[in-house]
Amino acid sequence: MKIAIGCDHGGLEHKNAIAEHLKERGFDVKDFGIYEQVSVDYPDIAVKVTGAVTSKECELGILVCGTGIGMSMAANKVKGIRAAACSDHFSAKYTRLHNNANVLCLGGRVIGIGTAIELADLFVDTEFEGGRHQRRIDKITALEE
Ligand code: RB5
């Protein structure tokens, strides 16, 4: 599975640790930066990672900023993106199972690196359940029109 990842200056260490971990697990990780501790505007990174997901270059995306919230707000403006800001295991799992989220947003100033890696693992390892949840996703998609 190919995974797009990116961060702003609030999430560099977390992003690097997650990218390294997922690569070690055998995932094909495309890193959209940032690559060093410089201040950037999170929507500029969100647009790169979400673009890789909507173009189907990557199956899922992971974005890290200080809170995970700005990244999720920006990502959810992009047609076809269902981004979820998560800081607990249950949400990271169920946003795949029920919401078919395609982008996970994490807060580098909210959770530790160990938790961030666990949430990323849960997110990429969990399949959408479909069924009644597909009808609800279709209604979300209809809101884009
Ligand atoms: C950057 O300082 C910070 O605002 C950003 O990383 C993020 O937390 C926004 O939601």
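As the structure is a prediction and not an experimental result, all values here were calculated from the model.

> Could you give an account of the overall build of the protein chain, with specific residues and numbers?
Within the protein chain one finds 6 helices and 5 strands. Starting at the N terminus and walking to the C terminus, you meet the elements of the protein chain as β-α-β-α-β-α-β-α-β-α-α. The C-alpha radius of gyration of the protein chain comes to 14 Å, within 12% of the 15 Å expected for a compact globule of 145 residues. Its C-alpha atoms put the protein chain at 40 × 30 × 25 Å along the principal axes. Residues counted as buried form 48% of the 145 residues belonging to the protein chain. Expressed as a percentage of contacts within the protein chain between residues at least 6 apart in sequence, the contacts between residues at least 24 apart total 70%. Here the protein chain contributes 17 positively and 20 negatively charged side chains, and the mean placements of these two sets differ by 7 Å.

> Lay out the layout of surface pockets with the relevant residues and their values.
Over the atoms a probe the size of a water molecule is rolled, and this reveals where empty space is left. Within this model, the largest pocket holds a volume of roughly 210 Å³. In terms of lining residues, the largest pocket is bounded by 14 residues, among which Asn76, Ile81, Arg82, Ile140 and Glu144 are the most central. Where the lining of the largest pocket is concerned, the elements lending two or more residues are strand S4 (83–85) and helix H6 (132–143). Partitioned by chemical class, the residues of the lining of the largest pocket number 6 nonpolar, 4 polar and 4 charged.

Cut-off values and rules
Residues numbered from 1 in each chain as written. Predicted model: local features only at pLDDT ≥ 70, side-chain atom pairs only at ≥ 80, totals over all residues. Heavy atoms only, no water. Helix = DSSP H or I, 4+ residues; strand = E, 2+ residues; numbered from the N terminus. Rg over C-alpha atoms; globule rule 2.2 N^0.38 Å. Buried < 20%, exposed > 50% of the residue type's maximum accessible area, 1.4 Å probe, protein only. Contact = heavy atoms within 4.5 Å. Lys, Arg positive; Asp, Glu negative; His and termini not counted. Charge placed at Lys NZ, Arg CZ, Asp CG, Glu CD. 1 Å grid on protein atoms, 1.4 Å probe; cavity = no way out; pocket = protein on both sides within 12 Å on 5 of 7 lines; lining within 4 Å. Points joined across faces, edges and corners; volume = space filled by probe spheres on them. Nonpolar A, V, L, I, M, F, W, Y, C, P; charged D, E, K, R; others polar.

Functional significance is not addressed by these values, which are geometric in nature.
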